[in-house]
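Coordinate inspection notes
Chain residues, written in single-letter form:
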Number of protein chains: 2
Amino acid sequence: MTTTLLQPPYYAVIFTSIRTEGDNGYAEMGEEMEKLAQTQSGFLGMDSVRNGLGITVSYWQTEADILNWKKNMQHQYAQKQGRGVWYAAYTVRVCKVERHYGFEAEKGYV
Amino acid sequence: MTTTLLQPPYYAVIFTSIRTEGDNGYAEMGEEMEKLAQTQSGFLGMDSVRNGLGITVSYWQTEADILNWKKNMQHQYAQKQGRGVWYAAYTVRVCKVERHYGFEAEKGYV
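Residues numbered from 1 in each chain as written. Chains lettered and ligands numbered in written order. Predicted model: local features only at pLDDT ≥ 70, side-chain atom pairs only at ≥ 80, totals over all residues. Heavy atoms only, no water.

1. Considerations on the packing of helix H1 (residues 26-38) of chain B against helix H3 (residues 73-86) of chain B
All names here are of chain B. The contact between H1 and H3 brings their axes to 11 Å, and the two run at 150°. What the angle tells us is that H1 and H3 run roughly antiparallel. The crossing of H1 and H3 is left-handed. Residues Tyr26, Met29, Met33 and Leu36 of H1 pack against Gln74, His75, Tyr77, Ala78 and Trp86 of H3. Class assignment for the residues of the contact of H1 with H3 results in seven nonpolar, two polar and no charged. (Axes fitted to C-alpha atoms, helices over the stretch in contact; angles between N-to-C directions. Helix = DSSP H or I, 4+ residues; strand = E, 2+ residues; numbered from the N terminus. Parallel < 35°, antiparallel > 145°, perpendicular 65-115°, else oblique. Left-handed = near helix turned anticlockwise from the far one by under 90°. Contact = heavy atoms within 4.5 Å. Nonpolar A, V, L, I, M, F, W, Y, C, P; charged D, E, K, R; others polar.)

2. Some remarks on the relation of the copies chain B and chain A
Mapping chain B onto chain A calls for a screw motion: a turn of 180° about the axis and a shift of 0.0 Å along it, with 0.0 Å RMSD after fitting. The symmetry that links the two subunits is that of a two-fold axis. Mapped onto chain A, 100% of the interface residues of chain B again fall at the interface, so both copies present the same surface. (Least-squares fit on C-alpha atoms with pLDDT ≥ 70 in both.)

3. Quick look at H3 of chain B
With 14 residues, H3 of chain B extends 18 Å from end C-alpha to end C-alpha; this agrees with the ideal 20 Å at 1.5 Å per step. Near the N-terminus of H3 of chain B, the side chain that reaches the backbone nitrogen of glutamine 74 of chain B, with its oxygen 2.9 Å away, is that of asparagine 72 of chain B. (Expected span 1.5 Å × (residues − 1). Polar contact = N/O pair within 3.5 Å; in protein donor to acceptor, adjacent residues only side chain to side chain.)

4. Topic: the pairing of strand E1 (residues 10-19) of chain B
Across a regular strand the side chains alternate sides, sitting on one face of the sheet and then on the other. Residue and element names in this part refer to chain B. Most of E1 sits out of view: nine of its ten residues are buried. For E1 and strand E4 (residues 87-104), the ladder comprises ten bridges, and the chain directions are antiparallel. In the sheet register, arginine 19 faces E4, and the bridge partner there is tyrosine 87. (Buried < 20%, exposed > 50% of the residue type's maximum accessible area, 1.4 Å probe, protein only. Pairing = 2+ DSSP bridges.)

The following block contains the structure:
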C-alpha cells in the first residue's frame, strides 16, 4: 500500500478495467510496465488490485509526468495491446490529490 | 465498473486499506454503508476491489458532498469501528478528477 509519500498537491491516475479471457502475455507485460514506470520522472508509487474488476492507482508529482509516461514508446505499445487484446473495457481518470491522511492501527493517524 | 458519468471536474475519494484478521461484522457493515452512500447528495458511483490490499474509489459531485458523507452519523460509527477493529492500516485521498476517458472493446473510445 502506497502511504502518504509527500505533501499534496500531487497527481493520481485511477485506472479501472475489465479483462478479456486468457492471459495472452498480460501478466508478463504488467510486470514489465510496473518496472518501467518506476524509472519514470515524477513516479511516486502504485497500488493495484484485481478480483474480476481491476483498480490500479499510480501516483505522480506533476501532470506533465503523467503525459510523459503516456507517451513512452514501450508503454504506447502496451496500451495498444491493451485495447486490441487484454481489456474488454477500461476507464482512465487523471486527478489532482488535494488532501490525504492515513491511519495505522499501532500508530493512530499518520 | 463506474464509467464516465459526467463531465469533469468532479471528485474521487481513493481509499486503500489492509484488513485485520476475521470478519467481525465487516461484510455486513460494508453493504450497509454502500447502500447508505447511494442515498447521499452528490454521490455518483463507487468501484471496490479487495485481494489482500483493498482499493475503493467513490465519486462525488463536489468536495462538500464528501465532507457531508464523512460527517454522516452512521458513517461516523462505521469509521470508528474501522479504526478500532477492521483495519490494520488505511489511506484516504481526496482528489479532483480533472479529465477522464474510457474504452470499450466493442465501441472504441467512449
